[in-house]
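# Structure at a glance
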Amino acid sequence: MKDLKHLIFFENLLQDAQNELVTKAVEEGKHALGYNCYYLPEVLLNLDGCFSTRLRAPRCTSTDVATYYMTGRTCPYVRSILERAIEGGYNYLSAVFGSESCAAMERMEEHLYLLNPIKHENFFVTIIDPPMRGDKTHLDYYKAQLRKHVLAPMEKVLKADTSDEAMRRAIERFNELCEVITQIGEFRKLDNPPITGYEFHVIQVVSEVCPHELILPYLKETLEEIKTREPEPSFPFRARVVLAGSEVDDPDFTKLIETCGAMVVADRYCFGSLPSREKIEILDGESAFDAICRHYLHWNQCARFMDGMKIDQRHSELLRLAREYKADGIIYENMKFCEFWSYEKVLASHIMSAENGIPCCTIEKEYALGSVGQLRTRFQAFVESLEIKKINE
Amino acid sequence: MGKLIGFIDDKLKRFDPVWRAENGKGGQRSRYHDVTGVAKYREWRGVKDTMFDYASWLNNVLAMVKMVGSAPVSIMKGFWEYRWMGSYLGTFMFIDRLFEGYRGEELRVAHAQMHAIVRSLTGRIGYILSHDRRLGASQAKSEKLVPMDEVLPELFMTGFPGLYPVPLQTLPEFIICDVDQHIEPYYIDVAESFGLPADVCSRCAAETGVALDDAFPLVGKALITTNMPCNASEATSMFQRRRVGLPDYQATLAMIHNDDELALPFSRQIMKETIAFVEEQYGVKFNWDAFFKAARRINEQNNFELEKWDYMKTGYTAEVGVSETLYKLYEWQSVNGADPYFNKVDRKVMKRLRKCYEKKYQPFGGKTRHRAFLWGPSAVYYTDFPTWVQNCWGIAIVLNMDSTMGFNMIDTEDPDKAIDDLARLTQKATMRHMAVGGWDNVNAVWEWAHNFNCDMVLMNDNIACKGMLGVHAIMEEQARDLGFRFIFIEHDLEDSRTVSRQNMRDCVNQYMSIVLNEEPLDPTLLNFDDSDAY
């Protein structure tokens, strides 16, 4: 396939947390608001005068200082974020909106106010206690948490307009972005898609880390380009897989899988688009805020949810993705030391393979892409097993 | 009589390990076979204390006999069905080890409290096994029992006097791992052979293994799980609910629970829903009168606890070390107002403690050199660690993190106020109140240590506890800034293969000898092999 016009530009945007679009927006006087987790509605951080940027620590090669603070036995993602903060890599942020999604993440967010490494005027950290079930009791709790820990400081410190009208405008902008990403992502359903999993991963991550209004024109142009892009004469991969699990913000991980012969056709992991790029619908008589909370609680597929309804949802959702994207198998990954995905990976891969007949490969990974040789061997073996299965069928 | 006893004590003092350690003729470890930890003979503590200790030992044996007598067939089937049942045979060796070096008043307090635990636990084992469908109990008989997560305090269940709450993990995991360091690695291996990574909390891995091994008693008609204390515990609930296969309710209390404005209304609602779930599943109504009766017991216990703390702050107390820790843990977490016998024991113990304070009694012959607060989740495969640090280095564990669990009073008249109090109490459960839920909770240790006049903080460093690992250096820096002696004690909670008991001892040994330049009270306790012991 012909290279995408903006791919190198997008790749360059992912080389630094403070990329050129982030810098531009900050220079224009907008507040850059960092967040780590889907529990923090991205749309709320994009009210007028603010923009969201999901925290990454690209090109992080050492977490020595963060390891001193949090030991080497905690999630490498959160240590990398802390390390980058201590290095001064997030000084453009006006605030970090955290979530007690897991203990490691919450501890890292605490360090951001205990050590105060982010040097920005009036910088603050706020942490929500996110819901663990999908019912009304938890929806109400979620709303109360977001009001107190997100909207209130945005209003008070950042002077953001948090009115219903402002939220509706934010939803409108957000939906426009989601529409573009979703349309691009849908091409992966085709038998011979005009886009690779790696390219989509790059596009999805730039949409999360860059100011929406600055990245959107490039994404729209890319969508138009893909519509007329000539795919390879025949499907160039040996298998199609869904990648599911914990945090993956490095498209090179997707590239690694694809160089082993399996196209990543669906991205159901933290930082992925499934979920995160579903449009928010406001029901009749519903406030914009209520719609946002309902939307995020419904779509959230975090392994942290304990109730049967949400557990079943995350399994059925994965089955749906495997079916709709015609996947031959599922690769479950978890960040090393991630308790939730360590458990979910084991249980879900059993359910998917033993009860639903979908082959699964489960791996554990570091944040910075290391041990590539070992992973490559695992992926190659998995791809071979998928091929053999096809032959036997 | 007193003279005769004094004469015998003087003649036989050479058998007393404390005397032997003081006089360079051996010590506590001399009476054990190496590696297996089997004692060659019982500890000689002087005539009175030895007789009292032995009588207490017999009293515990009697409780065990009663347990077998209460349901002989079920108990025998239980031994056949469940690997963990065999470990309970180590209870007596376990108790002996816990109270090594205990004399006089502290020995009497320790045994009074330990017998309450043995009495309650043996009764519970007999009852649960006799209602276990896996062992042949009928569905109807079994359905009076309500299996629930062990970390969810049971007080709310006292409002259902016709039902019997079963902290599901207690028998196969939560308590037995205290007794036998070799039982949980088996279940951990079961979980890991299913694919669970080895870096998750070993307690939760063990619970997962128990679930996969079908080693939970099969009782009740609906299950209550909880998000307490931590991430791994939440995650293992997925396995348990699936394997147990009963309708379930997840009592997900606020994780960041100190915020009354948001957390309390939420946790209150969760408690209401939990009660409604039991009502619906078991077809019974919540009985407020029964609840208030139990709440009064909890209030009495909490009042006693606050009074005890005042004595503990002075050092003139006979309740110290592991006896305090275990009793509080069991009384609060596993009984939680349900058994009046514990109040009876508390009243007796309080009388003794008041007298000890009046006469300025110092435990362990006044040999305490350091007063330490034990913080973080403790290694359950080394329950007698507080006893060891006292006997080896003269470090008294004044209070344990888990002893700071919810101690608020419960309203005993107004259901609305009572449910708020219940929510506050419930969300401050074991390993949970201080270990997770925000920096302020873990950072509270310094104030506790200061208030209890401690010069030292021993930080249990569970190598897989993500909540505590995340504040490692900050805690160390705080200790330095505030002038506390501070030791990280690495352990793997329920897996003694990863960090052995000797590895744990070495953490203390090195600090005490290298940093503080102190000599041990009992050199036989410095280095020994107890790797095959219970």
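Look a little higher up for the structure.
This write-up is about the structure you can find in this document. Not measured: the values here are computed from a predicted model.

### Observations regarding the overall build of chain B
Within chain B, the secondary structure is distributed over 24 helices and eight strands. Computed over C-alpha atoms, the radius of gyration of chain B comes to 23 Å, within 12% of the 24 Å expected from 2.2 N^0.38 for 534 residues, which places it in the range of a compact globule. With respect to the three principal axes, the spread of C-alpha positions in chain B is 65 × 55 × 50 Å. For chain B, long-range pairs separated by at least 24 residues make up 77% of all intrachain contacts whose partners lie at least 6 apart in sequence.

### Remarks on the interface of chain A and chain B
How big an interface is tends to be stated in terms of accessible area lost as the parts join. Listed per partner, the contact involves 36 residues of chain A and 38 residues of chain B. Within the residue set of the side of chain A that touches chain B, elements represented by two or more residues are α3 (64–70), α5 (103–114), α6 (136–156), α13 (339–355) and β8 (360–365) of chain A. Classifying every residue of the side of chain A that touches chain B by side-chain character gives 18 nonpolar, six polar and twelve charged.

### Here we look at unusual backbone geometry
The amide bond that connects Leu274(A) to the next residue, Pro275(A), takes the cis arrangement and shows omega of 10 degrees. Among the structural elements, Pro275(A) can be located in the loop between β6 (262–269) and α11 (288–299). The backbone of Phe364(B) shows a phi angle near 55 degrees, a positive value even though the residue is not glycine. Along the polypeptide, Phe364(B) turns up in the loop between α17 (340–358) and β5 (370–375). C-beta crowding within 10 Å serves as the criterion here: with 19 such atoms nearby, Phe364(B) is assigned to the partly exposed category. One non-glycine residue, Leu493(B), adopts positive backbone phi at about 55 degrees. For Leu493(B), the position within the fold is in the loop between β8 (485–491) and α24 (501–515). Of the residues examined, Leu493(B) has 26 C-beta atoms within 10 Å and is grouped as buried.

### Some details on the sheet that holds strand β6 (residues 395–400) of chain B
All names here are of chain B. The strand order across the open sheet built from four strands is β6-β5-β7-β8, with neighbouring strands paired in parallel fashion. Only two strands of the sheet have a single neighbouring strand rather than two, namely β6 and β8. Pairwise comparison of adjacent strand axes, ignoring direction, gives a mean angle of 30 degrees for this sheet.

### Quick notes on the sheet that holds β8(A)
Residue and element names in this part refer to chain A. Here we have four strands laid out as an open sheet, ordered β6-β5-β7-β8, and parallel in their pairing. Strands at the two margins of the open sheet, each flanked by one partner only, are β6 and β8. On average, adjacent strands in this sheet sit at an angle of 25 degrees to one another, irrespective of strand direction. Relative to β6, strand β5 (residues 239–245) runs parallel, the two being bridged by seven bridges. Looking across to β6, one finds that arginine 240 is bridged to methionine 263.

### Re the nonpolar core
Among the nonpolar cores identified, the biggest contains 290 residues, and Val206(A), Val241(A), Val242(A), Ile330(A), Ala372(B), Phe373(B) and Val457(B) are the most heavily contacted of them. With eleven residues, the top contributor of residues to this core is helix α7 (residues 104–130) of chain B. Excluding residues that lie within four positions of it along the chain, Val242(A) makes contacts with Val265(A), Ala266(A), Arg268(A), Leu318(A), Leu321(A), Ala322(A), Tyr325(A), Ala327(A) and Ile330(A).

Parameters and conventions
Residues numbered from 1 in each chain as written. Chains lettered and ligands numbered in written order. Predicted model: local features only at pLDDT ≥ 70, side-chain atom pairs only at ≥ 80, totals over all residues. Helix = DSSP H or I, 4+ residues; strand = E, 2+ residues; numbered from the N terminus. Rg over C-alpha atoms; globule rule 2.2 N^0.38 Å. Contact = placed C-beta atoms within 7 Å. Nonpolar A, V, L, I, M, F, W, Y, C, P; charged D, E, K, R; others polar. Buried ≥ 20, exposed ≤ 12 C-beta atoms within 10 Å, placed from the backbone. Pairing = 2+ DSSP bridges. Axes fitted to C-alpha atoms, helices over the stretch in contact; angles between N-to-C directions. Core = buried A, V, L, I, M, F, W, Y, C linked by C-beta atoms within 7 Å.

Any functional reading would require information beyond the geometric quantities listed.
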